[in-house]
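Fold and geometry: a report
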Amino acid sequence: LIMTSFSVFAAAAIAAFLLTPLVGLLAAKGNIVDFPDLPRKHHGKPTPLGGGIAIWLSVLVILFILVAAKIVPDAKINGNQILGVTLGSLILMAGGILDDRFRLPPLLQVLSPVAAALVAVVLGIRIEVVTNPLGGVWALPATLSYVISFLWLFGMMYTTKLLDGVDGLVASVTTVGAIIIFAVSLRWDAPSVSTPLLAAAVAGSTAGFLPWNLNPARVFLGEGGSTYLGYLLLGAAMLA
């Protein structure tokens, strides 16, 4: 499992590293750029958005390979949850591209994160038990499980979105967080392998993107990427 996880990490990192400048070039040609037109924006020139697409594609390709190889789904992550991750990420990236290109008003910006969280929760990415600090676990009622899971997913997406104001910060936090989830899931998931491999793919893709996003960033995550990383990180934590 360790060697397979390392291979997944390396493949995702290489894919994201190679895809990011290509995505940046296409974004620039499509006028999907962030202009330094506000006092809080300190980058010196228009910078392509949509770097999160490279991360998304890298994770998606790795996930499809793992599914094709029948490594996932397994006893830990079922097919509906894989579908939830995939559909939710597609919604986020589509909404993010539209926002990056057309600067949607806040009421429209929020639609894709809400829809992505709903899809994930309905398809099984939920918190169903809570550890009792005095021992044992508490099983959450179904309605409470849905509500808490939705609010936590939605909140995490906006946490990474709001953090995305410093070059490299969100990608660095996500890389470290995914590595921690990977290490924890090695112990908790035995004999399951899906969560460690998913965490390795997330860590690798953000690590591969990071060199392009360090100050001065040559590509920004964009709206879809900034929310997608929170969605991935918490989704992996829930599945752990």
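Scroll up a little and you will see the structure.
Our subject in this report is the structure included herewith. Starting from 1, residues in each chain are numbered consecutively following that chain's sequence as written. Local features in this predicted model are restricted to residues whose pLDDT is 70 or higher, and side-chain atom pairs enter the listing and the counts only when it is 80 or higher, whereas totals over whole chains, interfaces and linings include all residues. Heavy atoms from the whole structure form the basis of all side-chain values; hydrogens and water molecules are not counted.

**Overview of the overall build of the chain**
Looking only at helices and strands, one finds 9 helices and 4 strands in the chain. Each helix is a run of H or I in the DSSP string that is no shorter than four residues. Each strand is a run of E no shorter than two, and both are numbered from the N terminus. When the helices and strands of the chain are listed from N to C terminus, the series reads α-β-β-α-α-α-α-β-β-α-α-α-α. Against the compact-globule benchmark of 18 Å for 240 residues, the chain has a radius of gyration of 18 Å, which places it among compact chains. Based on the C-alpha atoms only, the size of the chain along its principal axes is roughly 55 × 40 × 30 Å. Burial analysis of the chain (240 residues in total) assigns 49% to the buried set. The contacts of the chain with a sequence gap of at least 6 include a subset with a gap of at least 24, amounting to 76%. A total of about 11,600 Å² of accessible surface is found on the chain, and carbon and sulfur atoms cover 74% of it. Side chains of the chain give 12 positive and 10 negative charges; the mean places of these two sets differ by 4 Å. Our radius of gyration is a C-alpha quantity, and the globule rule it is checked against amounts to 2.2 Å times the number of residues to the power 0.38. Accessibility here uses a 1.4 Å probe with only protein chains present; expressed as a share of the type maximum, an area under 20% marks a residue as buried, one over 50% as exposed, and anything in between as partly exposed. Contacts are residue-level and defined by heavy atoms, with any inter-residue pair within 4.5 Å sufficient. Note on areas: Shrake-Rupley with a 1.4 Å probe; residue coverage comes only from the protein chains shown. None of His or the chain ends enter the tally, which takes Lys and Arg as positive and Asp and Glu as negative. A single reference atom marks each charge: NZ on Lys, CZ on Arg, CG on Asp, CD on Glu.

**Describing helix α5 (residues 111-122)**
In this model α5 runs 16 Å from its N-terminal to its C-terminal C-alpha over 12 residues, within 8% of the 16 Å that 1.5 Å per residue would give. Buried residues of α5: Ser112, Pro113, Ala116, Ala117, Ala120 and Val121, and no others. Seen from one end, α5 has its buried residues packed into an arc of 160°, which puts them on one side. Facing away from the buried side of α5, by more than 90 degrees, are the exposed residues Leu111 and Val122. Its buried side turned inward, α5 meets α3 (79-102), α4 (106-109), α6 (142-163) and α9 (222-239). Among the residues trailing α5, Gly124 stands out with phi positive, at a value near 110°. Helices are assigned an expected span. That span is 1.5 Å times one less than the residue count. Directions are taken from the helix axis to each C-beta atom, and the arc is the one they span.

**Let's talk about helix α8 (residues 194-213)**
Between its first and last C-alpha, α8 extends 28 Å over 20 residues, near the 28 Å set by a 1.5 Å rise per residue. Across the 20 residues that make up α8, a large majority, 18, are buried.

**Notes on the packing of α5 against α6**
To get an axis, fit a line to the C-alpha atoms, keeping to the stretch in contact for a helix; angles then go from 0 to 180 degrees between the N-to-C directions. Contact geometry for α5 and α6: axes closest at 9 Å, N-to-C directions at 140°. Taken as axis vectors, α5 and α6 run oblique relative to one another. Every pair of crossing elements has a handedness; the one defined by α5 and α6 is right-handed. Packed against α5, whose contacting residues are Pro113, Val114, Ala117, Leu118, Ala120, Val121 and Val122, the element α6 presents Tyr146, Ser149, Phe150, Leu153, Phe154, Met157 and Tyr158 at the interface. Each residue gets one of three labels, nonpolar for Ala, Val, Leu, Ile, Met, Phe, Trp, Tyr, Cys and Pro, charged for Asp, Glu, Lys and Arg, and polar for the others, Gly among them. Broken down by class, the residue content of the contact of α5 with α6 amounts to 13 nonpolar, 1 polar and no charged. An angle below 35 degrees is treated as roughly parallel, one above 145 as roughly antiparallel, one from 65 to 115 as roughly perpendicular, and anything else as oblique. Left-handed describes a crossing whose near helix is turned anticlockwise from the far helix by less than a right angle; the clockwise case is right-handed.

**Notes on the packing of α3 against α9**
Axis separation between α3 and α9 bottoms out at 7 Å; the angle between their running directions is 160°. When the axis of α3 is compared with that of α9, the two are roughly antiparallel. The way α3 lies across α9 gives a crossing that is right-handed. Across the interface between the two elements, Gln81, Gly84, Val85, Gly88, Ser89, Leu92, Met93, Gly96, Asp99 and Asp100 of α3 pack against Gly222, Glu223, Gly224, Gly225, Thr227, Tyr228, Tyr231 and Leu239 of α9. Looking at the contact of α3 with α9 residue by residue, the class counts come to 6 nonpolar, 9 polar and 3 charged.

**Observations concerning the packing of aromatic side chains**
Only centres within 6.5 Å qualify two rings of Phe, Tyr or Trp (six-membered ring in Trp) as a pair; their planes then separate them into stacked at under 30 degrees, edge-to-face at over 60, and tilted for everything else. Under the definition given, this model contains 3 aromatic pairs. With 5.2 Å between their ring centres and 35° between their planes, Phe17 and Trp212 make a pair best called tilted. Of the two residues, Phe17 sits in helix α1 (residues 2-29) while Trp212 sits in helix α8, which places them 195 residues apart along the sequence. For the ring pair Phe154 and Tyr158, a centre distance of 5.0 Å and an interplane angle of 35° mean the geometry is tilted. Taken together, the residues span about one helical turn, with Phe154 and Tyr158 both in helix α6 at a distance of 4 residues. Accessibility expressed as a relative area gives 22% for Phe154, which makes it partly exposed. Members of the aromatic cluster, each reached through a chain of ring pairs, are Phe150, Phe154 and Tyr158. Two limits define a charge over a ring: the Lys NZ or Arg CZ must be within 6 Å of the ring centre, and within 35 degrees of the ring normal. Over the ring of Tyr146 we find Arg126; its NZ or CZ atom is 4.5 Å from the centre of that ring.

**Overview of the nonpolar core**
Ile55, Leu153, Tyr228 and Tyr231 are the most contacted members of the largest nonpolar core, which has 52 residues in total. For Tyr228, the contacting residues outside a window of four places in its chain are Ile55, Trp56, Val59, Ser89, Leu92 and Met93. Buried residues of nine kinds, namely Ala, Val, Leu, Ile, Met, Phe, Trp, Tyr and Cys, make up a nonpolar core once their side-chain atoms join them within 4.5 Å. With 5 residues, the next largest nonpolar core counts Ile32, Leu49, Ala217 and Phe220 among its residues.

**Details of the pattern of salt bridges**
The salt bridge definition used is simple: a Lys or Arg side-chain nitrogen within 4 Å of an Asp or Glu carboxyl oxygen. Using the criterion set out here, one finds 2 salt bridges in the structure. Between Glu128 and Arg126 there is a salt bridge, with the nearest N and O atoms lying 3.2 Å from each other. Judged by its relative accessible area of 43%, Glu128 falls in the partly exposed class. A salt bridge links Glu223 to Lys161; the nearest nitrogen and oxygen atoms lie 2.6 Å apart.

So yeah, pure geometry; function would need other evidence.
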